[in-house]
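# Survey of secondary and tertiary structure
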Amino acid sequence: MSKILIVEDDPEIAMLERDYLEIEGFETQVTDNGQMAITQAVTGDYDLILLDLMLPGCSGYDVCRVIRDKIDVPILMVTARTESVDKIRGLGLGADDYVAKPFDPAELVARVKAQLRRYTHYNENDRPVGDIIDFNGLVINRSTHECTLYDKPLNLTPLEFDILWMLCENRGQVISAERLFETVWGE
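Predicted, not measured: the structure shown is a model, and the values here were computed from it.

Assignment of secondary structure puts Thr31 in strand β2 (residues 27–31). For Thr31, a relative accessible area of 6% puts it in the buried group. A polar contact of 3.2 Å, which involves the side chain of Thr31, links it to the side chain of Gln40.

Given below as structure tokens:
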């Protein structure tokens, strides 16, 4: 079941979005404040974020920018601001789609499903399959310690190989030096 964060300061719209998404089997969480949205998005392990632009605390643009810098999750802006410049700015800051208010709730649910489907399909090809990671021309085989880039072998030391494996296995995430030392060096 996908988990969706709804960031909306209008209680009626938030309830409408929540109800339609929950009817379709999604788990939802609602917040009405930009700062809280950032905290929840980063710590809540959400599969998608519905984001209003006009929020107390900080704007939806700021929320989008901060979230996009920290995590990779589909962001769907749902807002009354329908000028082209607003859409371009939102998409430029990292939003994946833009829905204008008033909206058809069934269309919103369809767009949510489409974003989740695209995101899942796109990221399935980047996930490790057992002992092999195949990512944008880089192929790493943990069991044979072979590594190729566009079919050309890379000569890596065992330490370089282990670091590369860990970084590729956790791409899109920040790896602390402490975790790197614990995992690669065993310290």
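Still to come is the rest of the account.
Turning to the packing of aromatic side chains, a few remarks are in order. Applying the stated criterion across every chain yields a total of zero aromatic pairs. In this structure, Arg89 is placed above the aromatic ring of Tyr61, and the distance from its NZ or CZ to the ring centre is 3.9 Å.

What follows concerns the pairing of strand β4 (residues 75–79). For β4, the buried fraction is high: five of the five residues fall into the buried class. Burial along β4 is two-sided: the residues Ile75, Met77 and Thr79 and Leu76 and Val78 are all buried. With three bridges joining them, strand β3 (residues 48–51) and β4 adopt parallel strand pairing. Counted as the bridge partner of Leu50 is Leu76 from β4. What joins β3 to β4 is helix α3 (residues 60–70), and the crossover it makes is right-handed. In the sheet, β4 pairs with strand β5 (residues 97–100) via four bridges, with the strands oriented parallel. Within β5, the position partnered with Met77 by the bridge is Tyr98.

Parameters and conventions
- Residues numbered from 1 in each chain as written.
- Predicted model: local features only at pLDDT ≥ 70, side-chain atom pairs only at ≥ 80, totals over all residues.
- Heavy atoms only, no water.
- Helix = DSSP H or I, 4+ residues; strand = E, 2+ residues; numbered from the N terminus.
- Buried < 20%, exposed > 50% of the residue type's maximum accessible area, 1.4 Å probe, protein only.
- Polar contact = N/O pair within 3.5 Å; in protein donor to acceptor, adjacent residues only side chain to side chain.
- Phe/Tyr/Trp six-rings, centres within 6.5 Å; stacked < 30°, edge-to-face > 60°.
- Lys NZ or Arg CZ within 6 Å of the ring centre and 35° of its normal.
- Pairing = 2+ DSSP bridges.
- Right-handed = clockwise from strand over helix to strand, strands pointing away.

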